[in-house]
Every structure is written in structure tokens, then in C-alpha cells.
Amino acid sequence: MTNPLTFSNPIAEQAADPWAYRHTDGFYYFMCTRGDRLELLRSPRLTTIADGDSRTVWRPEPGGRHSHHLWAPEIHFLDGCWYIYYTANDGGGDETRQVCVLENVGPDPMEGEWRWRGALPTPSPGLDGSVLELGGKLFFLYAGYGRFPDYGSAVYIMRMDNPYTLHNDEQILLTAPTLDWEKQGGMAINEGPVILRRNGRIFLVYSASTTWSEDYCLGMLTMDEHDDPMSPESWSKSPQPVFRKNAAEQVYAVGHNSFTVSPDGQEDWIVFHALSAPGEDTARRATRIQKFGWHADGTPDFGSPIGNDRPLDVPSGE
């Protein structure tokens, strides 16, 4: 008999680029890359989120400029409305890739109209858009394609006037893949920026190396919450990965994550995708979740990824 107070990873098969957000209504909202559409799932439980209520919120008209390769969707609640940021292109190469924005002004993202707000005109083609709220202002984060052949992509920050409008065309480079562990798999990559806030600091966690490499991993930048996020000097870069493969547990290519909390708000959880073997087809990237803690210095302690079918305690309050 299965213990209802435990679960095992993965919680969602073939679910790359996972994004989990717990809203004030008590529900978890989950998205992952589906390629041809944007699907939103909702569940009161994090461990069974892949089996929650489902709605296809966007399916672009075929043949359009932003109708191919819909990747890495994120749902945010900003200024009292719902927004989804996702990557798309016209079916061509990386140079046509942009981050697009949808808006839903209703109280329930599973209902109402999702309105196209356009593609953000970033100076570089790119992917993996996310948003930082700080001091009543919004900042856009994304992975912009770089100076080939030096690197494939790097993480930039830009000011926003509102959730679907960039303030201007000024972008600041926050991290480029300059370290050996950021260059595995045949290309130097920094991508997938996400924000974690705690202990008076802002942690920008990003994915490094190629997603098809077994050494795909997470790096981290740290900033004091009172500093200027548009200043590169505000951020310090960790010299080593903060979350990486665990060969002993057969978990590889860990990355492209998000963060959430337990139903009672007492625990922090990381949501990420991984493979179960080196060189495994990336179509088999599966979503996993783990509780994480904090070091004595106030920085996150993500530990190591835990293998398949190991019983783990469910999030507190679930």
C-alpha cells in the first residue's frame, strides 16, 4: 500500500522547463513546455499537480511569426492581473526567437480570455523570460543569444514600464558562461533565470551548459535587496554550481527550475527537470520536486537531486 504521506519523483513525465506558482487562492499553477500550445494546470497539491485541472490557454494560428516551438512558459500575477511569458519563433533558427506575453485580467486564470500582448522587443533574440518585482518596479530577465562562437546565451536584465512593455532598449548583462561548468555539451550557455528572495537578499538562479548535457546544472547570482539590480556590481556570482547531477542516484541534466512553497508556507521547494541517464533523449526530461533548506550564512542549500522512486515526505500542509 502506498503511504499517502510520501511521494516519489518524477511527478510529471515528459515535462521540461517546469514552472510552479502557488497563488493566494491556495492553488498551485503549473506549466511546462508543450511545443505547439500553452497548457495551464491547477491543483491544491504540489505532488499531484500534473493530474490537476487543465486548460489550453493559447494555441497560435499556424504559420505566424510566433507560432513555432513554444517553450518555457511562466505564469505570473502582477499588478492584479495574470500574465504568461513564453518563448516562440517563426520556425526558423535561434535568431527569430522572442519572449511573448499573454494577459488575463480576470480573477481566475482557468477562466476568462487570454489576450495576446505581443513579443517583447529585446535587443537580442532570446528565450526564458521572467520578471523580478522590486521596490514597486518591474524588471525583465531573459536569456539573450550571444556573441557566437564565444557563447550561446547569457542572462540580461531590463526595466519595464508594465508587465508587457519594456521601458527602453537598455539591457544589462548579468552573467555570461565564462566558467568551465557553464560550457558542457559543446556550447557555453546561461539561461532560464528565476528569482528566489529570502534573508534580505535576492538570488538569481540560472541554468548552465546545454540542456542535452548530463552536466546541465544551476548557477547563482546574489544581490542585497536594497541594491540596484540594473548594476552588474550589485550581483556576485557563485564560482561553483549550486545544484548539479547526482550520478549515484541516476539523476542527470538537472536544471531549468522554479521555486514554490508548501501549502502551509513553511517549506521551500525547488521544481526542476532532469534525465535518468547520460545521453538520454531530451524529450524524456521529467519534472521533479524537492524540499530545500538554508545555510547558516543565509544562502539556499539545495542539496543533491534524489533518485527515482525514493519515498519523500509530502510538502507540509498537504
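This one's a predicted model, so the numbers in the text were calculated from it and none came from an experiment.

Participant: Quick question: what am I supposed to make of the overall build of the protein chain here?
Facilitator: Secondary structure assignment for the protein chain yields zero helices and 23 strands. A compact globule built from 318 residues should have a C-alpha radius of gyration of about 20 Å, and the protein chain, at 18 Å, falls within 12% of that. Along the three orthogonal principal directions, the C-alpha set of the protein chain runs to about 55 × 45 × 40 Å. Taken across its 318 residues, the protein chain has 56% of its residues classed as buried.

Participant: What am I meant to see in the sheet that holds strand β19 (residues 252-261) here?
Facilitator: What links the strands of a sheet is backbone hydrogen bonding, and the strands pair in either a parallel or an antiparallel sense. A sheet is described by the order of its strands in space; here four strands give the open sequence β19-β20-β21-β22, paired in antiparallel fashion. Whereas interior strands pair on both sides, the edge strands pair on one side only; in this sheet they are β19 and β22 (300-301). One ladder, built from six bridges, connects β19 with strand β20 (residues 268-275); its direction is antiparallel. Bridging from a neighbouring strand, Ser 258 pairs with Val 271 of β20.

Participant: Would you mind showing me how to read the environment of Arg 197 here?
Facilitator: Among the secondary structure elements, Arg 197 is positioned in strand β15 (residues 190-198). A sequence separation of 28 residues divides Arg 197 from Glu 225, and the C-alpha atoms of the two residues are 8.4 Å apart. When neighbours within four sequence positions are excluded, Arg 197 is seen to be in contact with Glu 133, Leu 134, Ile 202 and Glu 225. In this structure the side chain of Arg 197 is engaged in a polar contact, spanning 2.6 Å, whose partner is the backbone oxygen of Glu 133.

Participant: I tried to follow the side chain of Ser 234 on my own but got confused; where do I start?
Facilitator: Within the secondary structure, Ser 234 sits in the loop between β17 (217-224) and β18 (236-237). On the basis of relative accessible area, Ser 234 is assigned to the buried category, the value being 14%. A distance of 2.7 Å separates a polar atom in the side chain of Ser 234 from the backbone oxygen of Asp 228. Residues in contact with Ser 234, not counting those within four places in the same chain, are Thr 222, Met 223, Asp 224, Asp 227 and Asp 228.

Participant: Explain the pairing of β20 here, please?
Facilitator: With respect to burial, β20 is a largely interior element, eight of its eight residues being buried. Burial of β20 is two-sided: the residues Asp 268, Ile 270, Phe 272 and Ala 274 facing one way and the residues Trp 269, Val 271, His 273 and Leu 275 facing the other way are all buried. Linking β19 back to β20 in an antiparallel pair, the connection comprises six residues, with Gly 265 at a positive phi of about 75°. Alignment of β20 against strand β21 (residues 286-294), held across seven bridges, turns out to be antiparallel. Pairing of Ala 274 across the sheet is with Ala 286, part of β21.

Participant: Can you help me understand the pattern of salt bridges in this one?
Facilitator: Throughout the structure, instances matching the rule amount to 16 salt bridges. A salt bridge links Arg 37 to Asp 36; the shortest N-O distance between them is 3.0 Å. By relative accessible area, which is 22% here, Arg 37 ends up partly exposed. Of the residues examined, Asp 36 reaches a relative accessible area of 39% and is grouped as partly exposed. Here the salt bridges do not stand alone but share partners, grouping Asp 36, Arg 37 and Arg 59 into one network.

Participant: What am I meant to see in the pairing of strand β6 (residues 68-78) here?
Facilitator: Relative to strand β7 (residues 81-89), β6 runs antiparallel, the two being bridged by seven bridges. Pairing of His 76 across the sheet is with Tyr 83, part of β7. In textbook terms, the turn of a hairpin is the stretch between consecutive antiparallel strands, and for β6 and β7 this stretch comprises two residues, one of which, Asp 79, has a positive phi near 50°.

Participant: It is not clear to me how the sheet that holds β17 should be interpreted in this structure. Could you clarify?
Facilitator: With antiparallel pairing, the four strands of this open sheet are ordered in space as β15-β16-β17-β18. Each end of this open sheet is capped by a strand with a single partner; those strands are β15 and β18. Where β15 meets strand β16 (residues 201-208), seven bridges bridge the pair, whose relative direction is antiparallel. Paired with Glu 191 across the bridge in β16 is Ser 207.

Participant: How should I be thinking about unusual backbone geometry in this particular structure?
Facilitator: Backbone geometry follows two general trends: most residues other than glycine have a negative phi, and most peptide bonds adopt the trans configuration. Asn 9 connects to Pro 10 through a cis peptide bond whose omega is -5°. You will see that Gln 14, though not glycine, has its phi angle at about 45°, which is positive. For Gln 14, the position within the fold is in the loop between β1 (6-7) and β2 (19-22). Of note in this structure, His 69 is not a glycine but carries a positive phi near 50°. If you trace the backbone, His 69 turns up in strand β6. Classification of His 69 by relative accessible area gives partly exposed; the value is 36%.

Participant: Could you clarify how one ought to interpret the nonpolar core in this entry?
Facilitator: Across soluble globular proteins, you tend to see nonpolar side chains buried next to one another. In terms of nonpolar packing, the biggest core is built from 32 residues, with Leu 38, Ile 75, Ile 84, Tyr 86, Phe 259, Ile 270 and Phe 302 touching the most fellow members. It is β7 that provides the largest number of residues to this core, a total of four residues. Discounting chain neighbours no more than four positions away, the residues touching Tyr 86 are Leu 38, Trp 58, Leu 70, Trp 71, Ala 72, Pro 73, Gln 98, Val 99, Cys 100, Leu 102 and Trp 116. Within the second largest apolar cluster, 19 residues are counted, among which are Leu 78, Leu 120, Met 158 and Leu 166.

Thresholds applied
- Residues numbered from 1 in each chain as written.
- Predicted model: local features only at pLDDT ≥ 70, side-chain atom pairs only at ≥ 80, totals over all residues.
- Heavy atoms only, no water.
- Helix = DSSP H or I, 4+ residues; strand = E, 2+ residues; numbered from the N terminus.
- Rg over C-alpha atoms; globule rule 2.2 N^0.38 Å.
- Buried < 20%, exposed > 50% of the residue type's maximum accessible area, 1.4 Å probe, protein only.
- Pairing = 2+ DSSP bridges.
- Contact = heavy atoms within 4.5 Å.
- Polar contact = N/O pair within 3.5 Å; in protein donor to acceptor, adjacent residues only side chain to side chain.
- Salt bridge = Lys/Arg side-chain N within 4 Å of Asp/Glu carboxyl O.
- Core = buried A, V, L, I, M, F, W, Y, C linked by side-chain atoms within 4.5 Å.

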